[in-house]
Amino acid sequence: MSDRLAEIGQRIETVRQLGAVVNAMQGIAAQRAHQARALLPAVRRYAETARTAIGQARRLDEPLARFPARTVGGARGGLILFGAEQGFAGAFPEQLLDGAAADMQDRHILLIGARTATLAAERGLRIAWSASMPSKADALPALATSIIDALYDYLDEVGAVPITMAYPVWSSGKGVSIVRASLLPLDLDTFPASTADLPPLVNINAADLIGDLTAEYVFAHICAAAVETFVAENEARLRTMATARSHIDRKGEALRLEERLTRQDQITSEVVELSGGRHRRE
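Described below are features of the structure shown in this document.

Parameters and conventions
- Residues numbered from 1 in each chain as written.
- Predicted model: local features only at pLDDT ≥ 70, side-chain atom pairs only at ≥ 80, totals over all residues.
- Heavy atoms only, no water.
- Helix = DSSP H or I, 4+ residues; strand = E, 2+ residues; numbered from the N terminus.
- Buried < 20%, exposed > 50% of the residue type's maximum accessible area, 1.4 Å probe, protein only.
- Polar contact = N/O pair within 3.5 Å; in protein donor to acceptor, adjacent residues only side chain to side chain.
- Contact = heavy atoms within 4.5 Å.
- Pairing = 2+ DSSP bridges.
- Axes fitted to C-alpha atoms, helices over the stretch in contact; angles between N-to-C directions.
- Core = buried A, V, L, I, M, F, W, Y, C linked by side-chain atoms within 4.5 Å.
- Parallel < 35°, antiparallel > 145°, perpendicular 65-115°, else oblique.
- Left-handed = near helix turned anticlockwise from the far one by under 90°.
- Nonpolar A, V, L, I, M, F, W, Y, C, P; charged D, E, K, R; others polar.

Following the sequence through the fold, Thr 116 ends up in helix α3 (residues 114-122). For Thr 116, a relative accessible area of 0% puts it in the buried group. There is a polar contact of 2.7 Å between the side chain of Thr 116 and the backbone nitrogen of Ala 84. Discounting chain neighbours no more than four positions away, the residues touching Thr 116 are Gly 83, Ala 84, Pro 93, Leu 96, Leu 97 and Leu 111.

Rendered as structure tokens:
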């Protein structure tokens, strides 16, 4: 009986240690999600500022973007796919690949997230370029710069082809959803032209200005997608760890109940044994 109690005690300690790990992971995920979410307003304002500037620049002569609306050769183009960096996030990494499966056909894929990249390789998917998601939210702009560099290298090689993005967004009521966005070429008609009386005063030609603003706008959207992905992964991990915490609590309670019952059985056996010995002596 004492061996059984020792075994139960060891299992209780193992569950306790596992609970401590889960608590730590919950705390880290919550902190990271909070830090990234705090960046979103600034990133969105940045994108809106670039959008407004493009609308103002449309009033100038010959506003031709660096990435023309006409694409070459009927190529399907490239896909920037944001995925999961780590595990312990439930089905989150698989959801991203499943949700973007139709978008990945015959595309030049730029994939962000080591865990999703591993899953893609296991599925036999060909990834042209990949990068890891940073562990800190303040490193996301540097990641966006790396993506832009890889994107420009691709466009320099193949010419003007369509570029799309797919990335996860977390909402408290629905969990993870996949957002698809057309990144390039820009449809200038979707940028409302300025209604100001006078056109903006500039010292460069319209084509170069639109091209520079396009680069800023694209960078802002890639940065926003990276931040949304960072938030979504950590929120998914929070939910997974909360579920694990509930399982651990139930398991710990069941083991403690088993320990009490086993100890009670042991005490009962000892009392019966002592009582039997006394009767024999009498």
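Structure's up, so let's keep going.
It is worth spelling out the sheet that holds strand β2 (residues 108-112) at this point. Pairing is mixed in the open sheet, where five strands are placed in the order β3-β2-β1-β4-β5. The open sheet has two edge strands with one neighbour each: β3 (129-131) and β5 (175-184). Direction aside, neighbouring strands of the sheet carry axes that sit 20° apart on average. In this structure, strand β1 (residues 78-82) lies alongside β2, joined through five bridges in parallel fashion. By the bridge assignment for β2, Leu 81 is matched with Leu 111. Sheet strands touched by helix α2 (residues 92-99): β1, β4 (163-171) and β5. Its angle to β5, the strand with the most contacts, is close to 40°.

Counting 49 residues, the largest nonpolar core has Ile 80, Phe 82, Ile 163, Leu 183 and Ile 222 as its most contacted members. Residue assignment for this core shows that the elements contributing at least two residues are α1 (2-57), β1, β2, α4 (140-158), β4, β5 and α5 (206-281). Within the second largest apolar cluster, eleven residues are counted, among which are Leu 81, Leu 97, Met 104 and Ile 109.

Before going further, it helps to spend a moment on the environment of Asn 234. In this structure, Asn 234 sits in helix α5. A relative accessible area of 4% places Asn 234 in the buried class. With 203 residues separating them along the chain, Asn 234 and Gln 31 place their C-alpha atoms 8.8 Å apart. Residue contacts for Asn 234: discarding those within four places in its chain leaves Ala 29, Arg 32 and Ala 33.

Moving on, we get to the packing of α2 against α3. The axes of two packed helices give the description: the angle between them and the distance between them. Contact pair α2 / α3: the axes reach a minimum separation of 9 Å and the direction vectors enclose 60°. With respect to their mutual orientation, α2 and α3 come out oblique. α2 and α3 meet at a crossing whose hand is right-handed. Counting all contacts with α2, which are made through Pro 93, Glu 94, Leu 96 and Leu 97, the residues of α3 involved are Arg 115, Thr 116, Leu 119 and Ala 120. When its residues are assigned to classes, the contact of α2 with α3 shows five nonpolar, one polar and two charged.

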